[in-house]
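Report on the structure
Now for the letters of each chain:
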Amino acid sequence: MESGKAPHHDMGGTPPVANVSGTHLHLIHMTFFWGKNAEILFSGWPGTSSGMYALALILVFVVALLLEWLSRSSLLKPGPHNVTTGLLQTALYAIRSGFSYMLMLAVMSFNGGIFLAAVAGHALGFLIFGSRVFKKTGVTASDERSDAPLMK
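Residues numbered from 1 in each chain as written. Predicted model: local features only at pLDDT ≥ 70, side-chain atom pairs only at ≥ 80, totals over all residues. Heavy atoms only, no water.

**Structural notes on a nonpolar patch on the surface**
Stated formally: Patches here are clusters of residues that have more than 30% relative accessible area and form no salt bridge, with a 9 Å joining cutoff for like charges and a 5 Å cutoff for nonpolar side chains (Val, Leu, Ile, Met, Phe, Trp, Tyr). Shrake-Rupley sampling with a 1.4 Å probe provides the accessible areas, and residues are treated as covered by the protein chains on show and by no other component. What makes a salt bridge here is a side-chain nitrogen of Lys or Arg within 4 Å of a carboxyl oxygen of Asp or Glu, nothing more. Numbered from the N terminus, helices here are DSSP runs of H or I no shorter than four residues, and strands are runs of E no shorter than two.
A surface patch of nonpolar side chains, amounting to about 890 Å² of accessible area, comprises L41, F42, I95, F99, Y101, M102, M104, L105 and M108. Checked against the element boundaries, L41 lands in the loop between β3 (38–39) and β4 (46–47).

**Brief notes about the nonpolar core**
Put simply, the rule is: Put simply, a nonpolar core is a bunch of buried Ala, Val, Leu, Ile, Met, Phe, Trp, Tyr and Cys residues held in one set by side-chain atoms that sit within 4.5 Å of each other. Under the scheme applied here, a residue whose accessible area is under 20% of the maximum for its type counts as buried, over 50% as exposed, and between as partly exposed, the area being computed with a 1.4 Å probe on protein chains only. Two residues qualify as a contact provided that any one of their heavy atoms is within 4.5 Å of a heavy atom in the partner residue.
In terms of nonpolar packing, the biggest core is built from 14 residues, with I40, A56, V60, L103, A106 and I114 touching the most fellow members. Of all the elements in the fold, those that place two or more residues in this core are α1 (50–72), α2 (83–107) and α3 (112–129). Among the elements that take part in this core, α1 stands out by supplying five residues, more than any other. When near neighbours in sequence (up to four residues on either side) are disregarded, A106 contacts I40, L41, V60 and I114.

**A closer look at the environment of G121**
Take G121: it is sitting in helix α3. If near-sequence neighbours (up to four positions away) are discounted, G121 is found in contact with F61, A64 and L65.

**A closer look at the packing of aromatic side chains**
Cut-off, in case you're wondering: Between 30 and 60 degrees the pair is tilted, below 30 it is stacked and above 60 it is edge-to-face, where a pair is any two Phe, Tyr or Trp rings, Trp via its six-membered ring, whose centres lie within 6.5 Å.
For the structure shown, the criterion picks out two aromatic pairs. When the ring of F32 is compared with that of F110, the centres are 5.8 Å apart and the planes differ by 70°; the resulting orientation is edge-to-face. Taken together, the residues F32 in the loop between β2 (24–28) and β3 and F110 in the loop between α2 and α3 connect sequence positions 78 residues apart. For F32, a relative accessible area of 46% translates into the label partly exposed.

**Quick look at the UniProt feature "transmembrane region" (unreviewed entry) in the chain**
Defined as follows: UniProt positions are given in the numbering used here, feature names are shortened, and annotations may be inferred rather than shown by experiment.
In the numbering used here, UniProt assigns the "transmembrane region" (unreviewed entry) feature to residues 51–70. Helix makes up 100% of residues 51–70 and strand 0%, with an end-to-end C-alpha separation of 28 Å.

**A few points about the packing of α2 against α3**
Keep this limit in mind: Here, axes are lines fitted to C-alpha atoms. For helices the fit covers the stretch in contact, and angles between N-to-C directions go from 0 to 180 degrees. The residue classification treats Ala, Val, Leu, Ile, Met, Phe, Trp, Tyr, Cys and Pro as nonpolar and Asp, Glu, Lys and Arg as charged. All others, Gly included, are polar.
Interhelical geometry of α2 versus α3 gives an angle of 145° and a closest axis separation of 8 Å. In this structure, α2 uses L103, A106 and V107 to contact α3, whose residues at the interface are I114, F115, A118 and H122. Looking at the contact of α2 with α3 residue by residue, the classes come out as six nonpolar, one polar and no charged.

**Overview of the packing of α1 against α3**
Condition: The handedness criterion is simple: a crossing whose near helix is rotated anticlockwise from the far helix by less than a right angle is left-handed, and one whose near helix is rotated clockwise is right-handed.
At a closest axis distance of 7 Å, the pairing of α1 and α3 adopts a crossing angle of 35°. Between α1 and α3 the crossing geometry is right-handed. Here α1 contributes Y53, A56, L57, V60, F61, A64, L65, L67, E68, W69 and R72 to the contact with α3, which in turn contributes G113, I114, A117, A118, A120, G121, H122, L124, G125, F126, I128 and F129. Here the residues of the contact of α1 with α3 sort into 17 nonpolar, four polar and two charged.

Shown next as structure tokens:
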């Protein structure tokens, strides 16, 4: 072993990055892991509580589902293109973008359960709001519209 280098015992993987804050040592996972002991979005949340972890999974699932709804909804009535309508569209787009980034950061916790909850929420949201399963027959792509353009 070279002097000054710590031994590396995990046979080729990179160890978690240490983040020292105060007297606590937090390990930041850079690979997927399973378990309820995670930090998602906020320091110490959901912590080690199974109930709070279940709440986090439900919250991520619901946010992903709502993002699919926001991406495909028509909340504003068609009409004249004025400043008020433009500002409302911009506000909806900002809300959708903000929730998208929050969901991305939650998935970046690298917790497998959070990742699966986000994918399941997006999938169910697409099934309900985007697929042909619940659409009226005879609806064409040109008839479909949403207030905010689809993210690509």
